[in-house]
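# Structure at a glance
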Amino acid sequence: MLNKHNLVFLGPPGAGKGTIAQLLARDSGLVHISTGDIFRNEIGSGTELGKKARGYVDSGGLVPDDLVSEMVGARLSRPDCTPGFILDGFPRTLNQAGLLKPALCRIGKKLDCVVNFEAPYDLLVKRLTARIICSKCVTNYNRLFSPPQKDGVCDLCQGALYSRPDDSLDTAIDRLRVYKEQTEPLIEYYRDEGILVSVDGSQSKEITYPMVLEVLR
Ligand code: ADP
Ligand code: ZN
């Protein structure tokens, strides 16, 4: 179905990376690796990694590069990643991108494509602060743009929906600033590598998803 299998989804918080990654993983068999989801899970289960990450995640800052990189390296070497993977939320700094390269090399892989999701700032803030997530299957909804059929309940699994604490207005604005300072330089980095493709993330997922499929063919 696709020509490109080893992927990074890049873009600011709220640009739709996670939503599109879930759809793509469902349809293509690529593994969706969301570092944010992994941290929320570890924090929820109170693991050692969760304890180390908690303060950073809650405040909207970044978890230290070595901690994230080690975790992603281990995840990528699991056998379910053989058909391909979608990295969502990693790398987030130039240093992480520098660590990813040799980690992939060691397991005989390389990136095929970096999809850069673009959306205007005001829309990002609106999307983040109205976002609600299923506590069971982590499907994303939005109170303004894509509400569930029944208030507070997941359409797919009936799980309870909740707002992420870091989606409060202040923390969302902080995360957008951190994105601009630390993550945006990756656009140039991957453009120079010749594997960057930008897509319009400001549309609904019904419009954006086919565009993403198109660039991966
Ligand atoms: P977003 O909606 O901001 O894209 P994520 O779910 O990807 O949110 O990430 C939530 C939080 O997890 C981040 O604000 C950060 O604290 C932490 N995190 C996720 N990925 C990374 C990473 N690659 N490096 C450092 N911290 C990360
Ligand atoms: Zn659900």
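Within each chain, residue numbers correspond to sequence positions counted from 1 in written order. Throughout, the order in which chains and ligands are written sets their labels, letters from A for the former and numbers from 1 for the latter. Restriction of local features to residues with pLDDT of at least 70 applies here, the model being predicted, together with a cutoff of 80 or more for giving and counting side-chain atom pairs; totals for whole chains, interfaces and linings are based on all residues. Think of the side-chain values as coming from all heavy atoms in the structure, minus any hydrogens and water.

### Quick word on the overall build of the protein chain
- The secondary structure listing takes helices from DSSP runs of H or I that are at least 4 residues long and strands from runs of E that are at least 2 residues long, numbered from the N terminus. Broken down by element type, the protein chain carries nine helices and eight strands.
- For the radius of gyration, the atoms used are the C-alpha atoms, and the globule rule reads 2.2 Å times the number of residues raised to 0.38. By the compact-globule yardstick of 17 Å for 217 residues, the protein chain fits well, its C-alpha radius of gyration being 16 Å.
- Its C-alpha atoms give the protein chain principal-axis dimensions of about 45 × 40 × 35 Å.
- Relative to its full complement of 217 residues, the protein chain shows a buried share of 46%.
- Taking the contacts inside the protein chain whose residues are at least 6 apart along the sequence as the reference set, 70% of them involve residues at least 24 apart.
- Only the protein chains shown count as cover for residues, and all accessible areas are computed by the Shrake-Rupley method using a 1.4 Å probe. On the protein chain, roughly 10800 Å² of surface is accessible, and the fraction owed to carbon and sulfur atoms is 53%.
- His is not counted, nor are the chain ends; Lys and Arg add positive charge and Asp and Glu add negative charge. By convention, the point assigned to a charge is CZ for Arg, NZ for Lys, CD for Glu and CG for Asp. Within the protein chain, the 27 negative side-chain charges are centred at a point lying 4 Å from the centre of the 27 positive side-chain charges. When a residue's accessible area, from a 1.4 Å probe over protein chains only, is under 20% of the maximum for its type it is buried; when over 50% it is exposed; and in between it is partly exposed. In this description, contact between two residues means that some pair of their heavy atoms is separated by no more than 4.5 Å.

### Details of the pattern of salt bridges
- Throughout this description, the term salt bridge denotes a Lys or Arg side-chain nitrogen within 4 Å of a carboxyl oxygen of Asp or Glu. Inspection of the entire model under this criterion finds 16 salt bridges.
- Two residues, Asp27 and Arg26, come together in a salt bridge whose shortest N-O distance is 2.8 Å.
- Residue Asp27 is classed as partly exposed on the basis of its relative accessible area, which comes to 35%.
- A relative accessible area of 60% means that Arg26 is categorised as exposed.
- Its salt-bridge partner being Arg191, residue Glu188 comes within 2.6 Å of it at the nearest N-O pair. With Glu188 and Arg191 both in helix α8 (residues 185-193) and three residues apart, the pair spans about one turn of that helix.

### Comments concerning the site of ligand 1
- Any residue with at least one heavy atom within 4 Å of a molecule or strand is counted as near it. Around ligand 1, the structure places 20 residues, and the nearest of them are Thr35, Gly61, Gly89, Gln96 and Arg175.
- Polar contacts here mean pairs of N or O atoms no more than 3.5 Å apart (in protein, one a potential hydrogen donor and the other a potential acceptor; neighbouring residues in sequence count only if both atoms are side-chain atoms). A distance of 3.0 Å separates a nitrogen atom of ligand 1 from a polar atom in the backbone of Val63.
- In the environment of ligand 1, a nitrogen atom lies 3.1 Å from a nitrogen or oxygen atom belonging to the side chain of Arg92.
- Relative to its free-state accessible area of 550 Å², ligand 1 is covered by the protein chains to the extent of 97%.
- Elements that contribute at least two residues to the shell around ligand 1 include exactly α2 (35-45) and α3 (48-59).
- Polar here means any residue other than Ala, Val, Leu, Ile, Met, Phe, Trp, Tyr, Cys and Pro, which are nonpolar, and Asp, Glu, Lys and Arg, which are charged; Gly is therefore polar. The class makeup of the residues in the shell around ligand 1 is eight nonpolar, five polar and seven charged.

### Here we look at the sheet that holds strand β1 (residues 6-10)
- The parallel open sheet is built from five strands, whose spatial order is β2-β3-β1-β4-β8. Bordering the open sheet on either side are β2 (31-34) and β8 (196-200), each of which pairs with just one other strand. In this sheet, neighbouring strand axes are inclined to one another by 20° on average, regardless of whether the strands run parallel or antiparallel.
- Note on pairing: DSSP must find at least two bridges between two strands before they are called paired. One ladder, built from four bridges, connects β1 with strand β3 (residues 85-88); its direction is parallel. Note on β3: the bridge partner recorded for Asn6 is Phe85. In this description, a line fitted to the C-alpha atoms serves as the axis of each element, helices being fitted only across the stretch in contact, and the angle between N-to-C directions of two axes falls anywhere from 0 to 180 degrees.

### Describing the coordination of the zinc ion (ligand 2)
- Coordination here is defined by N, O and S atoms within 2.8 Å of the metal (3.2 Å for Na, K and Ca), and since water is not considered, a site can look incomplete. Summarising the metal site, the zinc ion (ligand 2) is bound by the protein donors Cys134 (SG), Cys137 (SG), Cys154 (SG) and Cys157 (SG), whose distances to it range over 2.3 to 2.4 Å.
- Here the zinc ion (ligand 2) binds four donor atoms, and the angle range of 95 to 116° at the metal identifies the geometry as tetrahedral.
- Under the relative-accessibility criterion, Cys137 is labelled partly exposed at 29%.
- On the basis of relative accessible area, Cys154 is assigned to the buried category, the value being 1%. For a four-donor site, all angles between 85 and 135 degrees give tetrahedral; for four or six donors, opposite pairs above 155 degrees with the remaining angles between 65 and 115 give square planar or octahedral; all remaining cases count as irregular.

### Considering the sheet that holds strand β7 (residues 161-162)
- Here we have three strands laid out as an open sheet, ordered β6-β5-β7, and antiparallel in their pairing. Every other strand in the sheet has two partners, leaving β6 (140-142) and β7 as the edge strands with one partner each.
- Of the pairings in the sheet, the one linking strand β5 (residues 131-134) to β6 comprises three bridges and is antiparallel in character. Paired with Arg131 across the bridge in β6 is Asn142.

### What to know about unusual backbone geometry
- Here Phe90 and Pro91 are connected by a cis peptide whose omega angle stands at -5°.
- Along the chain, the position of Pro91 falls in the loop between β3 and α5 (94-106).
- With a phi close to 55°, Val138 is a non-glycine residue in the positive phi region.
- Note that Val138 resides in the loop between β5 and β6.
- We note that Gln158 has phi near 65°; this positive angle belongs to a residue other than glycine.

### Focus: the nonpolar core
- Residues belong to one nonpolar core when they are buried, are Ala, Val, Leu, Ile, Met, Phe, Trp, Tyr or Cys, and are joined through side-chain atoms within 4.5 Å. With 28 residues, the main nonpolar core has Leu76, Leu87, Leu100, Leu111, Val114 and Tyr190 as its most contacted residues.
- Of all the secondary-structure elements, those providing two or more residues to this core are β1, β2, α2, α3, α4 (65-76), β3, α5 and α8.
- The greatest single-element share of this core, amounting to four residues, is contributed by α4.
- Ile86, Phe117, Val199 and Leu216 belong to the second-largest nonpolar core, a separate cluster that totals 26 residues.

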